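# Summary of the model geometry
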Amino acid sequence: MHEIKFHQTHRPLRHFLWPIAIASVVLAAVGIGIYVRSPHAPANVSVTHVAAVPTTVTYSNDVGTLKLLGKTDANENTLYVLATVKVHNNLKTPVFLKDLTGALTMPDGSELLTSAVEKNDVPATFTAFPKVKEAAAGKPLLLRETEVPGMSDMEGLVLLGFRDATQQTWDQSKHAAVKIAPYHYDPIVAELK
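Residues numbered from 1 in each chain as written. Predicted model: local features only at pLDDT ≥ 70, side-chain atom pairs only at ≥ 80, totals over all residues. Heavy atoms only, no water.

## Considering the nonpolar core
Among the nonpolar cores identified, the biggest contains 24 residues, and Val-85, Val-158, Leu-160, Val-178 and Leu-192 are the most heavily contacted of them. Within the residue set of this core, elements represented by two or more residues are β1 (43–59), β2 (74–89), β3 (95–105), β6 (153–163), β7 (175–182) and β8 (188–191). When residues in this core are grouped by element, the largest group, five residues, is from β2. The residues contacting Val-85, other than those within four sequence positions of it, are Val-45, Ser-46, Val-47, Leu-142, Met-154, Glu-155, Gly-156, Val-158, Val-178 and Ile-180. Val-53, Val-117, Phe-126 and Phe-129 belong to the second-largest nonpolar core, a separate cluster that totals eleven residues. (Core = buried A, V, L, I, M, F, W, Y, C linked by side-chain atoms within 4.5 Å. Buried < 20%, exposed > 50% of the residue type's maximum accessible area, 1.4 Å probe, protein only. Helix = DSSP H or I, 4+ residues; strand = E, 2+ residues; numbered from the N terminus. Contact = heavy atoms within 4.5 Å.)

As structure tokens, then:
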């Protein structure tokens, strides 16, 4: 029986350079095309209106009043910042908002941080502080888990409550911002003032 033999000629490396070069150029062109056509940020955030509403709750330990353990006669100040925020989705797929936070930077560099008021806490906040409800003026709220459809805008009110802050705190702050964090993407920061 005869043995089958395959005879291969050895090709030098230079014969493979042209196909490798062509494949590299094609892959680079595809990569550049994807990069140029893809949005670099999933969404743009802008603040169209801001209102600061200072609130004060006074605790009293007078006879015949409700006693709170550990509380003496004192005031509890909360500064509510109502920011009308517009989110533009740059993607063709929906973006869901995971977290909404706010920050006030004081002249000494310290920061006051807060999360937006939760959906379930909004009615109690509006009942306790009618000035905050009045400032909201029936505008729709931008809340966690809000869906921003692809290639469209969503505008709503972000309600931030800064504890132990007053109108003077707001006026003296050197920087204020709201941070919108969509799922699976980096947070987007917009200036409040």
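## Describing the packing of aromatic side chains
Evaluated as defined, the whole model comprises one aromatic pair. Plain terms: the ring middles of Tyr-80 and Phe-129 are 5.5 Å apart, the flat faces sit at 45° to each other, and that makes the pair tilted. You can see Tyr-80 sitting in strand β2 and its partner Phe-129 sitting in the loop between α2 (122–128) and α3 (130–136), a full 49 residues away along the chain. Accessibility classification places Tyr-80 together with Phe-129 in one group, the buried group. Stacked on the ring of Trp-170, the Lys or Arg Lys-193 has its end atom at 4.9 Å from the ring centre. (Phe/Tyr/Trp six-rings, centres within 6.5 Å; stacked < 30°, edge-to-face > 60°. Lys NZ or Arg CZ within 6 Å of the ring centre and 35° of its normal.)

## Description of unusual backbone geometry
If you check the backbone angles, Ala-137 has positive phi at about 50° while not being a glycine. For Ala-137, the position within the fold is in the loop between α3 and β5 (147–148). Looking at Ala-137, the relative accessible area reads 55%, which means it is exposed. Backbone geometry places His-184, a non-glycine residue, at a positive phi of 70°. Secondary-structure assignment places His-184 in the loop between β7 and β8.

## Some points on the pattern of salt bridges
Per the stated rule, a full pass over the model turns up four salt bridges. Glu-76 is the salt-bridge partner of Arg-163, the closest N and O atoms lying 3.1 Å from each other. Taken as a pair, Arg-163 in strand β6 and Glu-76 in strand β2 lie far apart in primary sequence, 87 residues in all. Of the residues examined, Arg-163 reaches a relative accessible area of 56% and is grouped as exposed. Across the pair Arg-144 and Asp-99 runs a salt bridge, and its minimum N-O distance is 3.3 Å. Of this pair, Arg-144 sits in the loop between α3 and β5 while Asp-99 sits in strand β3, placing them 45 residues apart in sequence. When salt bridges with common partners are traced through the structure, they connect Asp-99, Glu-118 and Arg-144 into a single cluster. (Salt bridge = Lys/Arg side-chain N within 4 Å of Asp/Glu carboxyl O.)

## Describing the pairing of strand β4 (residues 111–115)
With five bridges connecting them, β3 and β4 associate as antiparallel partners. Residue pairing for β4: Gly-102 is matched across the bridge by Thr-114. Hairpin connection, β3 to β4: the antiparallel pair is bridged by five residues, and Gly-109 has positive phi, about 95°. (Pairing = 2+ DSSP bridges.)

## Describing the side chain of Thr-55
Tracing the backbone shows Thr-55 in strand β1. On the basis of relative accessibility, which here comes to 7%, the residue Thr-55 falls in the buried class. At a separation of 2.7 Å, a polar atom in the side chain of Thr-55 contacts the main-chain carbonyl oxygen of Thr-78. Look past the residues within four positions of Thr-55 in its chain and what remains in contact with it is Glu-76, Asn-77, Thr-78, Tyr-80, Phe-129 and Val-132. (Polar contact = N/O pair within 3.5 Å; in protein donor to acceptor, adjacent residues only side chain to side chain.)

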